[in-house]
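The lines below spell out each chain.
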Amino acid sequence: MDHGRLQQQFDALWREHRGIVTKVARMYARSAEDRADLVQEIAAQLWRAFPKFDERRAIFSTWLYRIALNVAISNLRRAGGDPSRTESLEAAQVETLPAPASELPDERIQALQVWIAELDPFNRALILLHLEDRSYAEIAEVLGISTTNVATKLNRIKQRWRAGLADRAPATSA
């Protein structure tokens, strides 16, 4: 495939799926400037890898998630921080996280977003994919784990979330 046609194909796919990269950047970068840099870095890596993309082996969005998450996590490591320990977000930054599509009150959505931001990078990726309604098979492919492992990890994360909610619930008097 010639370079011009490859560029056109990439541009069309980028326009269609750029939102995925934006969501990943929101989950892994703190400031607007860092998010913009991360989006740019992910786009560059996607372009470098694009000639090797084989649509018979993977769905484009799955392939894109894998690269975007790898770049984001590598970026955390390069920044010198422990990728399993990221600081919690300021309240102003919480609004940049993707909100789950639900009818939860704002305070519960905000609490969920803060809690997700405090997860280690792997579990944050797992939750992001789950909230995007990706199948267990696709999550497994993106993260390089089995579908059984996806189910187990999601169950454990949900149990921790429920336990955290119970700890924060106001005590009721008898």
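In this report, the structure presented in the accompanying data block is examined.

Analysis parameters
Residues numbered from 1 in each chain as written. Predicted model: local features only at pLDDT ≥ 70, side-chain atom pairs only at ≥ 80, totals over all residues. Heavy atoms only, no water. Helix = DSSP H or I, 4+ residues; strand = E, 2+ residues; numbered from the N terminus. Buried < 20%, exposed > 50% of the residue type's maximum accessible area, 1.4 Å probe, protein only. Contact = heavy atoms within 4.5 Å. Areas by Shrake-Rupley, 256 points an atom, 1.4 Å probe, with all protein chains shown as cover. Salt bridge = Lys/Arg side-chain N within 4 Å of Asp/Glu carboxyl O. Axes fitted to C-alpha atoms, helices over the stretch in contact; angles between N-to-C directions. Left-handed = near helix turned anticlockwise from the far one by under 90°. Nonpolar A, V, L, I, M, F, W, Y, C, P; charged D, E, K, R; others polar. Phe/Tyr/Trp six-rings, centres within 6.5 Å; stacked < 30°, edge-to-face > 60°. Lys NZ or Arg CZ within 6 Å of the ring centre and 35° of its normal.

### Observations concerning the overall build of the chain
Here comes step 1: Secondary structure summary: the chain contains 8 helices and 0 strands in total.
Here comes step 2: Taken from N to C terminus, the helices and strands of the chain fall in the order α-α-α-α-α-α-α-α.
Here comes step 3: By the burial criterion, 41% of the 174 residues in the chain qualify as buried.
Here comes step 4: Of all intrachain contacts in the chain linking residues separated by at least 6 positions in sequence, the fraction that spans at least 24 positions is 63%.
Here comes step 5: With the model as given, the accessible surface of the chain reaches about 10,400 Å², and the carbon-plus-sulfur share is 48%.

### Some thoughts on unusual backbone geometry
Here comes step 1: The residue aspartate 133 is not glycine, and still its phi comes out positive at about 60 degrees.
Here comes step 2: With respect to the helices, strands and loops of the structure, aspartate 133 is situated in the loop between α6 (121-131) and α7 (136-143).
Here comes step 3: Here aspartate 133 falls in the exposed class, since its relative accessible area comes to 71%.

### Some details on the pattern of salt bridges
Close approach of charged atoms lets side chains of opposite charge pair.
Here comes step 1: By the definition in use, this model includes 4 salt bridges.
Here comes step 2: Between aspartate 54 and arginine 56 there is a salt bridge, with the nearest N and O atoms lying 3.0 Å from each other.
Here comes step 3: By relative accessible area, which is 74% here, arginine 56 ends up exposed.
Here comes step 4: A salt bridge links glutamate 138 to arginine 134; its shortest N-O distance comes to 3.2 Å.

### Notes on the packing of helix α1 (residues 3-28) against α6
Here comes step 1: Two elements in contact, α1 and α6, have axes separated by 11 Å at closest approach and are oriented at 140 degrees. For the pair α1 and α6, the sense of crossing is right-handed. Residue-level contacts link Lys23, Val24, Met27 and Tyr28 of α1 to Pro121, Phe122, Arg124, Ala125 and Leu128 of α6.
Here comes step 2: Here the contact of α1 with α6 is built from residues that sort into 7 nonpolar, no polar and 2 charged.

### Quick word on the packing of aromatic side chains
Here comes step 1: All chains considered together, the criterion is met by 10 aromatic pairs.
Here comes step 2: Between phenylalanine 10 and phenylalanine 50, the ring centres sit 5.2 Å apart and the planes meet at 70 degrees, which makes this aromatic pair edge-to-face. Separated by 40 residues along the polypeptide, phenylalanine 10 in helix α1 and phenylalanine 50 in the loop between α2 (32-49) and α3 (60-78) bring together distant segments of the chain.
Here comes step 3: Judged by its relative accessible area of 7%, phenylalanine 10 is buried.
Here comes step 4: Judged by relative accessible area, which is 3%, phenylalanine 50 ranks as buried.
Here comes step 5: Members of the aromatic cluster, connected to one another through ring pairs, are Phe10, Trp14, Trp47, Phe50, Phe53, Phe60 and Trp63.
Here comes step 6: Lying across the ring of tyrosine 28, arginine 124 places its NZ or CZ 4.8 Å from the centre.

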